[in-house]
Amino acid sequence: MIKFFLMNLLLSFIWVALSGSLLYSNFLFGYLLGFAVLWIMNRNETDQRYFYRVPKILSFFLYFLYELVKANIQVAYDVVTPKYFFKPGIVRYPVNTKTDFEINLLSTFISLTPGTLILDISDDKKAIYIHVMYLKDEQQFIRQLKTGVERRLLEIIR
């Protein structure tokens, strides 16, 4: 997988050098073009993990960016308006993670979103305690995290 990533970076740098334009958009186009070339060349290979993970990583970051902007707008609206809309609460969130790295990465992405803060991780590492600023329904919040951030993040890592 690392081999394909490095070859893809090399192809994108070659594209930037050949086009003569050192722009982020040109590098991104070269990366996508290199990805397509590598995918076409290696369709019959047995190791296809790289070609499945790159779209999942892109999908995860677009989803997380959407959730981040949505939470920022919600918090900014609450700050600007004279009436407060928040209903704080603490949620015990059961996790499906297996390693400390997965727990750490998941808790980092959860706490990056405005309105949520990781308070503690249980001793058996089966639950995370989260302070939520806008808690309407605890089960809906857990379901949203399970099907959103946790599922997508674990698909990338595993």
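Residues numbered from 1 in each chain as written. Predicted model: local features only at pLDDT ≥ 70, side-chain atom pairs only at ≥ 80, totals over all residues. Heavy atoms only, no water.

Identification of the chain as Na+/H+ antiporter subunit E from Sphingobacterium zhuxiongii is taken from an unreviewed UniProt entry.

1. Topic: the UniProt feature "transmembrane region" (unreviewed entry) in the chain
UniProt records the feature "transmembrane region" (unreviewed entry) at residues 12-38, using the numbering of this structure. From the first C-alpha to the last, residues 12-38 spans 11 Å; its make-up is 85% helix and 0% strand. (UniProt positions renumbered as here; feature names shortened; annotations may be inferred. Helix = DSSP H or I, 4+ residues; strand = E, 2+ residues; numbered from the N terminus.)

2. Digging into the packing of aromatic side chains
All chains considered together, the criterion is met by 14 aromatic pairs. Taking the centre distance of 5.5 Å and the plane angle of 70 degrees together, the rings of F60 and F61 count as edge-to-face. Residue F61 is classed as partly exposed on the basis of its relative accessible area, which comes to 45%. Seen from their ring centres, F61 and F109 are 6.4 Å apart, and the 65 degrees between their planes marks the pair as edge-to-face. Here F109 lies in helix α4 (residues 100-112) and F61 lies in helix α3 (residues 49-80), a separation of 48 residues in the sequence. Three or more aromatic residues joined by ring pairs make a cluster, and in this case those are F4, F35, Y50 and F51. Taking the ring centre of F4 as reference, the NZ or CZ of K3 above it sits at 5.1 Å. (Phe/Tyr/Trp six-rings, centres within 6.5 Å; stacked < 30°, edge-to-face > 60°. Buried < 20%, exposed > 50% of the residue type's maximum accessible area, 1.4 Å probe, protein only. Lys NZ or Arg CZ within 6 Å of the ring centre and 35° of its normal.)

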